[in-house]
Amino acid sequence: MDKIRVLKDLIDTFGISGFEGPIREKIKELFPQAEFKEDEVGNLSTTIGSGGRQIAFMAHMDELGFLISYVEKNGYLRFKPIGGWDVRGAYNRVVEILTDQGMVQGVIGLKPPHLSKKEEFEKVLSWDDLYIDIGVESAQEAKERGIVPILPARLKKDFTILDEKYVVTRALDDRVGCALNLLLLDEFLHNPPQNTVTLVWTIQEETGLRGAQAFSARNSFDEIYTLDTVSAGNLPWGNFHQSPARTGGGPVIRLADRKGVSSLRLRNFIKEVARKNKIEVQEIVTGGSTDAAAAFEAGLNSIPLCIPVKYTHSQVEMMSIADYHNTLKLLLLIGTNRRQ
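Here's a quick rundown of the structure. (Residues numbered from 1 in each chain as written. Predicted model: local features only at pLDDT ≥ 70, side-chain atom pairs only at ≥ 80, totals over all residues. Heavy atoms only, no water.)

A look at the pairing of strand β17 (residues 317-320)
How we decide: For the exposure calls, accessible area comes from a 1.4 Å probe over protein chains only, and a residue counts as buried if that area is under 20% of its type's maximum, exposed if over 50%, partly exposed in between. By the criteria applied, helices consist of DSSP H or I runs no shorter than four residues and strands consist of E runs no shorter than two, each listed in order from the N terminus. A pair of strands counts as paired when DSSP detects no fewer than two bridges linking them.
Neither face of β17 is open: one carries Glu317 and Met319, the other Met318 and Ser320, and all of them are buried. In terms of strand pairing, strand β10 (residues 166-169) meets β17 through 4 bridges, oriented antiparallel. Across the sheet, residue Val167 finds its bridge partner in β17, namely Met319. Note that strand β16 (residues 302-310) and β17 share 2 bridges and pair antiparallel. Opposite Val309, over in β17, you have Met319 as the bridge partner. Between β16 and β17, which follow one another and run antiparallel, lie 6 residues, and Tyr311 among them has a positive phi close to 60 degrees.

See the structure below:
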């Protein structure tokens, strides 16, 4: 399986928080031979192997997006952000709105500099100041295009490879975790693990870890590894200490974040597997949180194992391809390690 192609396929597929249907169907489409289960809230999972440890690898399907909240009489659309956006990243961007009639494009435009006063340049606009222009003149025209409240939307994406070393795109958080889960599935279908491995794709992580909370409350495992991203700090701003992970430095054990400390037992196990197999890993304390916190709060041993990404929650999230490959290698070792 082409590791970059599967990542791009998932990134190109629509699926903002609460509206994960298309990405969930894409995952099932890529592996028709697998037996997937979808729970009541929309989490997806499949189990491979038997005996040994009960292991889960968990990645979230959802990405940041918007909801259309109101259609003005003149056809301009008001909207609300879904997830942890920086409003500045939405200025002068192309938007894709998912309707029953298909995808409708529009733009989040700004007042041009020729017409702006000095104080307007210095103001950070709020979400309430912004609107989407889909090129119509009235609410009726917008309705004829299939636009009604409440529809999901996202910013249009590019997918760029820099010097064959980096992937740059929107939604590496967490389509890269979803891709890693699919690559694990591909390997385990050909070479079943000696453990019982469940691969999980959750909903609504970006809006409060909601899918992981529901899944963890109804299932039990010996260990859960959440596959996510973490903000890389190797940037020119001189504050590397805030998130001391660097792209190209290997997978990151995200031992502690704002939700607390993850499983020390799993941390020690990961470090030992990495040491024995000469895989460089990083270990940090950072902000934010992951699905691992929801699993931990449900009484399950869990820890996030992340890929460092520059410019998280932006249109230019940047990931080292070497980190992608090394994280997969480490996950395969964790899944196949037979231990008591």
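Now that the structure has been shown, we can carry on.
Remarks on the packing of aromatic side chains
What counts here: Each Phe, Tyr or Trp ring (for Trp, its six-membered ring) is paired with any other whose centre lies within 6.5 Å, and the angle between the two planes then decides the class: stacked below 30 degrees, edge-to-face above 60, tilted in between. Look at NZ for Lys and CZ for Arg. If either is within 6 Å of the ring centre and within 35 degrees of the ring normal, a charge sits over the ring.
As enumerated under the stated definition, the model contains 8 aromatic pairs in all. Between Phe66 and Trp127, the aromatic rings sit 5.9 Å apart at their centres with planes inclined by 55 degrees, giving tilted as the arrangement. Note that Phe66 is positioned in strand β4 (residues 65-71) and Trp127 in the loop between α3 (118-122) and α4 (139-144), a separation of 61 residues in sequence. We note that Phe66, like Trp127, is buried. Ring pairs connect the aromatic residues Phe66, Phe79, Trp85 and Trp127, which therefore count as one cluster. In this structure, Arg170 is placed above the aromatic ring of Trp85, and the distance from its NZ or CZ to the ring centre is 5.7 Å.

Side note on helix α6 (residues 210-218)
Stated precisely, the cut-off is as follows: Arc definition: it is the arc formed by the directions from the helix axis to the C-beta atoms. Only heavy atoms enter the contact rule, under which two residues are in contact if any of them lie within 4.5 Å.
Among the residues making up α6, those that are buried are Gly211, Ala212, Phe215 and Ser216. An end-on view of α6 places all buried positions within 120 degrees of arc, on one side of the element. Turned more than 90 degrees away from the buried face of α6 sit Arg210, Ala217 and Arg218, all of them exposed. Elements in contact with the buried residues of α6: β2 (44-48), β3 (54-60), β11 (196-202) and α8 (291-297).

Concerning the sheet that holds strand β8 (residues 152-155)
Let me state the cut-off plainly: To obtain an axis, a line is fitted to C-alpha atoms, over the contacting stretch when the element is a helix, and the angle between two such axes runs from 0 to 180 degrees between their N-to-C directions.
Spatially, β5-β4-β8-β6-β7 is the arrangement adopted by the 5 strands of the open sheet, whose pairing is antiparallel. Of all strands in the sheet, those with a lone pairing partner are β5 (77-82) and β7 (102-108), marking the two edges. In this sheet, adjacent strand axes meet at a mean angle of 35 degrees when their direction is disregarded. Sheet topology places β4 next to β5; 6 bridges connect them, and they run antiparallel. Across the sheet, residue Ile68 finds its bridge partner in β5, namely Phe79.

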